[in-house]
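Chain and residue survey
The residues making up each chain are set out below.
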Amino acid sequence: MFVYFVQFQRVCEAEMSQIIKIDNLFEVAVLADKNRKPSTTFRERLHPMEYYSDYEFWMRYRFMKTSVSYINCLIKEDVEETRGDPLSSMDKLLITLRFYATGSFQRVLGDLVNIDQSTVCRAINETSLKIAKLFHRFVRLPTPEQQQQYVESFYEKFGFPRVVGLIDGTHIPCKSPGGLDAELFRCRKGYFSINCQVTCNADMRIMDLVARWHGSAHDQTIFNFSTLKMKDLNEPSPPPPEIPLPALYQEIHPVVRNLHEALPDNSTRNVIINTI
C-alpha cells in the first residue's frame, strides 16, 4: 500500500480528477508509470569483424575483411564523426556493405545491429557518397603504355589478339521512378531497371562504367554516346596486326578500331560476365 501511495503522489495535478474516480490501485500505479520519464538503455552491438570467420564474413558482406579495412582507411577521413556519435566509420561501412549485399529493408538491418532505422538510412547515404568519390581513383581508362600490357595479357590468357578490353551491358533492377517518363525505365525483360555499360580488362578490373541510361535504352545507343567511343575515335589507328584476326562476334556493337567483343564460344566472354 505504501508503494502505491508514493506512486499516487507523483501523478500530475492535471489528472487528479480522473484518479479520484479510480477504485483499483493497480490502475493508479499504471497511470503514475505513464508520467515517469523513460530510462536510457544501452544495447550491446555486435562486432562482425571479430565475431564472424573469414568465410562467414564474406557470405554476409561479399567482401573480405582485408578489403573492408582498406576501404575504411580510404573513407575514414571523409566520414563525419562527431563527439558522441554512436557509430564509427567502420560501423557505417559495414551497414552500407550489408545493405548492398542483401538489399534488405533498413529496419531489418537496424535490428541486426541494434540501431534505429533512421540511423541506418543516414549511415548508408553518407558512406555511399564517400565511396562514390573514389570512383575515378579506381575506374579509369588505360594509358597507351597500359593498353599494350592489356593486349599482351589477353593474348597470353585467351589467345585473342589486339584486345584492350571487353564491353557488355547489364540491367540493374530499380523501383519505378513514377511520373510521365516512368515507362522509359522498363527494360525488354519487363521490369524497371538502369542499363549499365561495363568495360573490363583480362584481370576483371573495371576500366569504364556508364550507369545513367534508363532500361529501355539500347546498348548500341549507350555505346555511341559514351566517352569510351569518343576517346577511341580521337586516337590514331593501331598498325595492322601480324596475326590475322578471326571473325569477330558482333551481337550489339560495331567494331570500332581496337575495341572488340569476344567470340561467342571463347572463354573471354566469361570474363566480362563474371566481372558484372
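Just so we're clear, the structure is a prediction, and the values are computed from it rather than from any experiment. (Residues numbered from 1 in each chain as written. Predicted model: local features only at pLDDT ≥ 70, side-chain atom pairs only at ≥ 80, totals over all residues. Heavy atoms only, no water.)

1. Focus on the overall build of the protein chain
Secondary structure assignment for the protein chain yields 14 helices and three strands. Each of the 276 residues in the protein chain was classed as buried or not, and the buried ones make up 36%. Of the contacts formed within the protein chain by residues at least 6 apart in sequence, a portion of 54% connects residues at least 24 apart. Counting only carbon and sulfur atoms, one obtains 55% of the accessible surface of the protein chain, whose full area is about 18300 Å². (Helix = DSSP H or I, 4+ residues; strand = E, 2+ residues; numbered from the N terminus. Buried < 20%, exposed > 50% of the residue type's maximum accessible area, 1.4 Å probe, protein only. Contact = heavy atoms within 4.5 Å. Areas by Shrake-Rupley, 256 points an atom, 1.4 Å probe, with all protein chains shown as cover.)

2. Quick look at the packing of aromatic side chains
Taken as a whole and assessed by the stated rule, the structure comprises four aromatic pairs. For the pair Phe154 and Phe158, a centre-to-centre distance of 6.0 Å together with 45 degrees between the ring planes defines the contact as tilted. Taken as a pair, Phe154 and Phe158 lie in helix α11 (residues 144-158) at a separation of four residues, close to a single helical turn. Classification of Phe154 by relative accessible area gives buried; the value is 0%. Residues Trp213 and Phe225 carry aromatic rings whose centres are separated by 5.9 Å and whose planes lie at 45 degrees to one another, so their mutual orientation is tilted. With Trp213 in strand β3 (residues 206-214) and Phe225 in the loop between α12 (219-224) and α13 (227-234), this pair connects stretches of sequence that are twelve residues apart. Over the face of the ring belonging to Trp58 we find Arg62, whose NZ or CZ atom lies 5.0 Å from the ring centre. Just above the ring of Tyr61 sits the side chain of Arg98; from NZ or CZ to the centre is 5.5 Å. (Phe/Tyr/Trp six-rings, centres within 6.5 Å; stacked < 30°, edge-to-face > 60°. Lys NZ or Arg CZ within 6 Å of the ring centre and 35° of its normal.)

3. Looking at the sheet that holds strand β2 (residues 193-200)
As summarised here, the arrangement of the three strands in space is β1-β2-β3, forming an open sheet in which the pairing is antiparallel. A strand with exactly one partner marks an edge of an open sheet, and here the two such strands are β1 (166-173) and β3. Between one strand axis and the next, the sheet turns through 20 degrees on average, direction left out of account. As judged from the eight bridges shared by β1 and β2, these two strands associate in the antiparallel manner. (Pairing = 2+ DSSP bridges. Axes fitted to C-alpha atoms, helices over the stretch in contact; angles between N-to-C directions.)

4. Quick look at the pairing of β3
Alignment of β2 against β3, held across six bridges, turns out to be antiparallel. Bridging across to β3, Asn195 finds its partner in Trp213. Connecting β2 to the next strand, β3, in antiparallel fashion are five residues, including Met204 with a positive phi near 60 degrees.

5. Some words on the packing of helix α7 (residues 89-102) against helix α8 (residues 106-113)
Look at α7 against α8: their axes get within 11 Å of each other, and the N-to-C directions meet at 130 degrees. The angle between α7 and α8 places the two elements in the oblique class. Taken as a pair, α7 and α8 cross one another with a handedness that is right-handed. Taken together, the residues of α8 that come into contact with α7 (itself represented by Ile95, Arg98, Phe99 and Thr102) are Gln106, Leu109, Leu112 and Val113. Tallied by class, residues from the contact of α7 with α8 come to five nonpolar, two polar and one charged. (Parallel < 35°, antiparallel > 145°, perpendicular 65-115°, else oblique. Left-handed = near helix turned anticlockwise from the far one by under 90°. Nonpolar A, V, L, I, M, F, W, Y, C, P; charged D, E, K, R; others polar.)

6. Side note on the nonpolar core
Grouped together as the largest cluster of nonpolar side chains are twelve residues: Tyr52, Phe57, Tyr61, Val68, Ile71, Leu74, Ile75, Met90, Leu93, Leu94, Leu97 and Leu134. Ignoring sequence-local partners within four residues, the contact set of Val68 consists of Met49, Phe57, Phe63, Met90, Leu93, Leu94 and Leu97. Counting residues in each nonpolar core, the second largest holds eight residues, with Leu87, Val120, Ala123 and Ile124 among its members. (Core = buried A, V, L, I, M, F, W, Y, C linked by side-chain atoms within 4.5 Å.)

7. Some remarks on helix α9 (residues 117-132)
With 16 residues, α9 should cover 22 Å at 1.5 Å per step; its first-to-last C-alpha distance of 23 Å lies within 8% of that length. Buried within α9 are the following residues: Thr119, Val120, Ala123, Ile124, Glu126, Thr127 and Lys130. Buried residues belonging to α9 abut α6 (65-75), α7 and α8. (Expected span 1.5 Å × (residues − 1).)

8. A short note on the pattern of salt bridges
Per the stated rule, a full pass over the model turns up four salt bridges. The closest approach of N and O atoms between Lys65 and Asp54, which form a salt bridge, is 3.8 Å. Pair noted here: Lys65 is in helix α6 and Asp54 is in helix α5 (residues 54-61), with a separation of eleven residues, a long-range link. Salt-bridge contacts for Arg186 lead to Glu183; the nearest nitrogen and oxygen are separated by 2.7 Å. (Salt bridge = Lys/Arg side-chain N within 4 Å of Asp/Glu carboxyl O.)

9. Concerning the environment of His136
By the element assignment, His136 lies in helix α10 (residues 135-138). Sequence spacing of His136 and Met207 is 71 residues, and the spatial spacing of their C-alpha atoms is 9.7 Å.

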